[in-house]
Structure formats: C-alpha cells, structure tokens
Amino acid sequence: MPAADGDARTVRADGSGLVGVASPLLITAARVIVTCPGRNFVTLKIETDQGVYGIGDATLNGREMAVVAYLNDHVCPLLIGRDARRIEDTWQLLYRGSYWRRGPVTMRAIAAVDVALWDIKGKALGAPLHELLGGRSRDRVMVYGHANGADIEETVDAVGRYIDLGYQAIRAQTGVPGLTNAYGVGRGEMHYEPADASLPTETVWDTRRYLTHVPKLFQRLRDTYGPEPRLLHDGHHRMTPQEAARLGKSLEPYDLFWLEDATPAENQEAFRLVRQHTTTPLAVGEVFNTIWDCKDLIQEQLIDYIRTTIVGAGGLTHLRRIADFAAVWGVRTGCHGATDLSPVTLGAAVHFDAWVPNFGIQEYMRHTEATDAVFPHDYRFGAGFLIPGDRPGHGVDIDEALAARYPYDPRQLPIARLTDGTLWNW
Ligand code: GCO
Ligand code: MG
C-alpha cells in the first residue's frame, strides 16, 4: 500500500520510491556548516549520488574551529567517492587510519561522519534510526532539566517550574554564598550558556564553602517537594576524591538520582575511593571520547550511569559499543544533552535512548527558538519525556539559508581559580 499523502517517508510496501541499499550510494560532497543561532554549532552534511543526504553534529564547545579544520583538511577529502553504506568500515578508517587516536577533536569529527552516514542509511531504507539499531525498547525517553538559582530559594522556585512543566527528573544547582559565578547558575529562565565571551571569564571557587552549602539545598528541596521528584546534581569535576566521598555521604538522606562528575576521571581509580564511602549513585563521562576512558569505571562497577554521548565519542557506532559493554556490568546510560550539543545530536540520542536496553535517563537542556528553527526536527517533548519521531534517519535537518544568517561568534568556556589564585577545574 502506498504511503499516505504527505507522509515524509519514501517507503512503500512494494518497495517503490525507496532508494534502498542494493547498489552503492557514492559520496559526492561533504561540507561543513558553521552557524551561531544564539550559540555556535558545527554541522557536517554528506551528499550522495542518489540524492540522499545525511547530517551529523561536530560541535566542540569553545573549540569549534579545531573540528572544522580537522574535517575540512583531513576527513572530507577521504569521503568523496566512498560508499555511504559502509558505516563500520568508514569508522575504522577514520579511527585506526589516522594513526593518532582518540581525543575530543578527532572523535567529534568521526561522530559527525558516523551520524551523517546512519542518517543516510535510514533515509535510504525508509527507516527511523531506532529501527536500524534494533527497534524501540520503550515508547518515550525520560529526561531531566536544569534548575538553577543564584541562591537556594531561587533554585527551589526553579525546580517548582520544572515540576509544573511535567518533568519527573530535575538537576538542581545553586550559587554558593561568598562566591560569584558558581557553576550552573544561569542568566535567565530555562536557558544556561556557560561559553559567554571570546576570552574565558574568570570565576572563583572554594570547595569548602560548596560542601557545606549543597546539602542545605537538597534538604529544602525534599522539604518542599517531598520524595517523588528525581533530583540530580553536577559537581563539575571540582572535588578531590575525598571531598567527593564526603559530599556523596552528606547527600544520602536526600535520595539523589545521581551525583555527576564528582571528581575528574582521567584517573579512573579515583572513583574507588568515592564509591567505597557513599551509596549516592554516581554518573560521569560527558568529556569521555572512547570506551578506554570508562573501561575500568564500568567493569569495576565504580559508577551507575555513563554520561558519554554520540557527538563526544565517535558517533552511534562507538557509543553503542560502550552501552553494550556497560549493560554487561549493570551500568545504565545517561547521555550528556547540554545546549552545546546540537539538535542533530539530541535527535540521534532520542533514537539511541529509545533502543538502548540499559537506558537510564537523557539530559535535556532546551535549545532556543532560533536554534530549533535552523534545525527542524521531529522529536518532541511531552510531560517530562522526549518522544522520537518516525521520519527516516535521525529526523533532524538543517535549514542552510537560515543557518547562513548567523555567522560564527567566537566564545570560550569560563575558567575557575581557587581563592588564592590557583587555577582549578571549571
Ligand atoms: C552538563 C554539563 C554542561 C557542560 C557543558 C560544557 O552536565 O550539562 O556539565 O553544562 O558544562 O556541556 O560545554
Ligand atoms: Mg555535567
């Protein structure tokens, strides 16, 4: 039976109208598009000889142009003439074939190619991405939003607004008395953009003040909203393992869904100390690039949630491998979803989340209306969940004419110093 009129899909039951994958889909062009509809995004568009194209996100917050150069100078020339069907082989070519492995720039460039190729395959087969991955394990994907405030009362109010919007999981961050520009404190409701200037803004940090203040926030939140909402908190790599252990312990009465980035994880063993001292669930991994960054964390069951996402870790091809490995050890996913990940990454993530059996939660920071207009998409939000669309591929497009109206605007993430001037982790 032909697809209904107006149906965006080209699939028909008799196969007519479908490009399919019986013959090669040769890559004819690979172009990098940089746009700043409120914040910078880097997008790769891959075109084929059969008219089917795909897009992938390559945004690296504050270091965008490094990925642009990597793609333009070293990756796009390799793609021309290749068969777009061969996703795995292309991934291996870009990973092994570069000799220089891993790192945020390389793995984002690989992710952009990988996601664009999955998008092409989905369109060629008339299948939404979650179908290619193995089909849905769930109908909708639980998300958490960001509630921020300059002080505890402001954060309590912000959490209330998220509850009113139907969110069942909310990350809560608050300013710390005596410190200006504490991490996670936004400049307006619902939106938070830390990369705010062409040179890094300097902030001051004092872990002692923070450690005594944060439990008061969660006490107030439980007193106000009761046991039901899932509450999350991001330590943003600021604590030593011992300090993280202390915070985890002092937050136990408030039943957190997770404590994120309690301590930096370049040294995966650091999490042993944290883990031994607290039952607060631990999440980490938004800055990880490959499975090698989290192998020990996962197989020693030192964490509960792995935060690595598609754009950060070489695309769906590699994230799927991390998720399967995590499933073996009872670790669930909790993909990074800040606004510096474009709607292309979010769209692909919603399909991934709908499939992945060991799904935990998806971070969801809303993009601005200008960003959503540049990247039309078919995922939608409803009552605390994101729902994947059923358009072939990942369901996100780019309006190139509109994108061209927002030129690149250099911005970097802030830095943090301790009160004596020592450079610390932002
Ligand atoms: C999060 C993150 C972000 C990062 C941002 C950096 O948990 O959402 O910590 O807010 O700070 O992605 O570019
Ligand atoms: Mg984080």
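Residues numbered from 1 in each chain as written. Chains lettered and ligands numbered in written order. Predicted model: local features only at pLDDT ≥ 70, side-chain atom pairs only at ≥ 80, totals over all residues. Heavy atoms only, no water.

Undergrad: Would you take a moment to explain the overall build of the chain for this structure?
TA: On a plain count of helices and strands, the chain comes out with 13 helices and 16 strands. Its C-alpha radius of gyration of 21 Å places the chain within 12% of the 22 Å reference for a compact globule of 426 residues. Overall size of the chain, expressed as C-alpha extent along the three principal axes, is 65 × 45 × 45 Å. Looking at the chain residue by residue over its 426 residues, the buried ones come to 56%. Partitioning the contacts of the chain with sequence separation of at least 6, the portion at a separation of at least 24 is 72%. Here the chain contributes 43 positive and 53 negative side-chain charges, whose respective centroids are spaced 3 Å apart. (Helix = DSSP H or I, 4+ residues; strand = E, 2+ residues; numbered from the N terminus. Rg over C-alpha atoms; globule rule 2.2 N^0.38 Å. Buried < 20%, exposed > 50% of the residue type's maximum accessible area, 1.4 Å probe, protein only. Contact = heavy atoms within 4.5 Å. Lys, Arg positive; Asp, Glu negative; His and termini not counted. Charge placed at Lys NZ, Arg CZ, Asp CG, Glu CD.)

Undergrad: I tried to follow the coordination of the magnesium ion (ligand 2) on my own but got confused; where do I start?
TA: Six octahedral donors around a metal ideally subtend angles of 90 or 180 degrees, whereas four tetrahedral donors ideally subtend 109.5 degrees. Donor atoms from the polypeptide that bind the magnesium ion (ligand 2) are Asp 234 (OD), Glu 260 (OE) and Glu 286 (OE), placed at 1.9 to 2.3 Å. Coordination of the magnesium ion (ligand 2) draws on donor residues from a single chain, spaced D-x25-E-x25-E in sequence. One end of the pair, Glu 260, is in strand β8 (residues 258-260); the other, Glu 286, is in the loop between β9 (282-284) and α9 (295-299), and 26 residues separate them in sequence. Considered together, Glu 260 and Glu 286 belong to a single accessibility category, that of buried residues. (Donors = N, O, S within 2.8 Å, 3.2 Å for Na, K, Ca; no water.)

Undergrad: So what exactly am I meant to see when it comes to the sheet that holds strand β16 (residues 423-424) here?
TA: Hydrogen bonds between backbone groups are what pair the strands of a sheet, and the pairing can be parallel or antiparallel. Spatially, the three strands line up as an open sheet ordered β6-β15-β16, and their pairing is mixed. The sheet is open, and its two edges are formed by β6 (202-205) and β16, each paired on a single side. Inspection of the sheet shows β6 paired to strand β15 (residues 415-418) by four bridges, in the parallel sense. Across the sheet, Thr 203 pairs through a bridge with Ala 416, a residue of β15. (Pairing = 2+ DSSP bridges.)

Undergrad: I would appreciate a short explanation of helix α10 (residues 316-328) in the present structure.
TA: Along an α-helix, residues three or four apart share an orientation, since each turn contains 3.6 residues. With 13 residues, α10 extends 18 Å from end C-alpha to end C-alpha; this agrees with the ideal 18 Å at 1.5 Å per step. Looking at α10, one finds that the buried residues are Leu 316, Thr 317, His 318, Leu 319, Ile 322, Ala 323 and Ala 326. Two residues or fewer past α10, Gly 330 is found with a positive phi of approximately 70°. (Expected span 1.5 Å × (residues − 1).)

Undergrad: Can you walk me through the side chain of Thr 59 in this structure?
TA: Here Thr 59 shows up in the loop between β3 (53-57) and α1 (64-79). Looking at Thr 59, its side chain comes within polar contact range of the side chain of Asp 57, at 2.6 Å. If we skip the residues at most four places from it in the chain, Thr 59 touches Asn 40, Phe 41, Val 42, Glu 64, Arg 108, Val 311, Asp 340 and Ser 342. (Polar contact = N/O pair within 3.5 Å; in protein donor to acceptor, adjacent residues only side chain to side chain.)

Undergrad: How should I be thinking about the pattern of salt bridges in this particular structure?
TA: Where side chains of opposite charge bring their charged atoms close, a pairing between them can arise. All chains considered together, the criterion is met by 22 salt bridges. Glu 363 is paired through a salt bridge with Arg 307; the nearest N and O atoms lie 3.0 Å apart. You can see Glu 363 sitting in strand β12 (residues 359-363) and its partner Arg 307 sitting in the loop between β10 (305-306) and α10, a full 56 residues away along the chain. Of the two residues, Glu 363 and Arg 307, neither departs from the other in class, the shared state being buried. Each of Arg 31, Lys 45, Glu 47 and Glu 400 takes part in salt bridges that share partners, so that together they form one network. (Salt bridge = Lys/Arg side-chain N within 4 Å of Asp/Glu carboxyl O.)

Undergrad: How should the nonpolar core be read in this particular structure?
TA: In summary, soluble globular proteins display a tendency toward joint burial of nonpolar side chains. Ile 46, Leu 71 and Phe 218 are the most contacted members of the largest nonpolar core, which totals 115 residues. Among the elements that make up this core, the one with the highest residue count is helix α3 (residues 104-125) (eleven residues). In this structure, this core is formed jointly by two domains, domain 1 (8-127) and domain 2 (133-424), each of which donates at least three residues. Once you skip the residues sitting within four places of it in the chain, Leu 71 turns out to touch Val 32, Leu 44, Ala 58, Cys 76, Pro 77, Ala 109 and Val 113. Core analysis: the second largest hydrophobic core is formed by ten residues, Met 142, Tyr 144, Ile 361 and Phe 385 among them. (Core = buried A, V, L, I, M, F, W, Y, C linked by side-chain atoms within 4.5 Å. Domains from an automatic or database assignment.)

Undergrad: Help me understand the domain arrangement of the chain, please; the structure alone is not making it clear to me.
TA: The accessible area lost on association of the parts is a frequent measure of interface size. As far as domains go, the chain holds domain 1 (8-127) and domain 2 (133-424). With centres defined by C-alpha atoms, the gap from domain 1 to domain 2 works out at 26 Å. Taking both sides of the interface into account, the surface hidden between domain 1 and domain 2 amounts to around 3,800 Å²; carbon and sulfur atoms contribute 57%. Where domain 1 meets domain 2, there are five salt bridges. A salt bridge links Glu 88 to Arg 321; the shortest N-O distance between them is 3.1 Å. (Buried area = accessible area lost by both parts, 1.4 Å probe.)

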